[in-house]
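# Survey of secondary and tertiary structure
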Amino acid sequence: MPNYHDQLDGVLRALADPTRRAVVERLAKAPAVVSELAEPFAMALPSFLQHLRVLEDAGVITSEKHGRVRTVTLRPGALDVLHLWLGEQRTPAEHQADRLGIHLIRTTDKEH
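Read on for an overview of the structure.

Reading guide: rules and limits
- Residues numbered from 1 in each chain as written.
- Predicted model: local features only at pLDDT ≥ 70, side-chain atom pairs only at ≥ 80, totals over all residues.
- Heavy atoms only, no water.
- Axes fitted to C-alpha atoms, helices over the stretch in contact; angles between N-to-C directions.
- Helix = DSSP H or I, 4+ residues; strand = E, 2+ residues; numbered from the N terminus.
- Parallel < 35°, antiparallel > 145°, perpendicular 65-115°, else oblique.
- Contact = heavy atoms within 4.5 Å.
- Nonpolar A, V, L, I, M, F, W, Y, C, P; charged D, E, K, R; others polar.
- Salt bridge = Lys/Arg side-chain N within 4 Å of Asp/Glu carboxyl O.
- Buried < 20%, exposed > 50% of the residue type's maximum accessible area, 1.4 Å probe, protein only.
- Pairing = 2+ DSSP bridges.

Closest axis-to-axis distance for the helix α2 (residues 18-27)/helix α4 (residues 45-57) pair is 10 Å, and the angle between their directions is 70°. Relative to α4, the element α2 lies roughly perpendicular. From α2, Thr19, Arg20, Val23 and Val24 reach across to α4, where they touch Phe48, His51, Leu52, Val54 and Leu55. Partitioning the contact of α2 with α4 into residue classes produces 6 nonpolar, 2 polar and 1 charged.

Printed below as a string of structure tokens:
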């Protein structure tokens, strides 16, 4: 099992919710204060803060408080674990497709 398994599980759990995915999409553009992030969602601020906590616990975002304002930032490289895992999953499928393509070419050549 890959050594990043726990990190991958945390990121996948965090991104399983559409609200949290929307927050990540927004933060991919630029850091934002909590009130700005919460604005598009029809939920109480404490509920929204729970979503941010899940993302922060998974290492996807970081937050910093200056006075009464908390700014949230997408952690650089936080989603790299997804890219790595997806790449590993894609490789076996690509190899199977390559073998199928070779088989079809050989079969077609023998028929002609």
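What follows picks up the thread again.
A few words now on the pattern of salt bridges. Scanning the model with the defined rule gives 2 salt bridges in all. Of the charged contacts, one joins Arg26 and Glu36 as a salt bridge, the two residues approaching to 2.5 Å between their closest N and O atoms. Of this pair, Arg26 sits in helix α2 while Glu36 sits in helix α3 (residues 34-38); the two residues are 10 residues apart in sequence, bridging distant segments of the chain. Residue Glu36 is classed as partly exposed on the basis of its relative accessible area, which comes to 38%. For Asp57, the salt bridge identified is with Arg53, shortest N-O distance 3.9 Å. One end of the pair is Asp57 and the other is Arg53, both in helix α4 and 4 residues apart, which spans about a single turn. Of the two residues, Asp57 and Arg53, neither departs from the other in class, the shared state being exposed.

Turning our attention to the pairing of strand β3 (residues 69-74). Pairing of strand β1 (residues 32-33) with β3, which is carried by 2 bridges, proceeds in the antiparallel orientation. Paired with Ala32 across the two strands is Val72, which belongs to β3. Bridging between strand β2 (residues 61-66) and β3 involves 6 bridges; their strand directions are antiparallel. Paired with Ile61 across the two strands is Leu74, which belongs to β3. Where β2 hands over to β3, the hairpin turn is made up of 2 residues, of which Gly67 adopts a positive phi near 65°.

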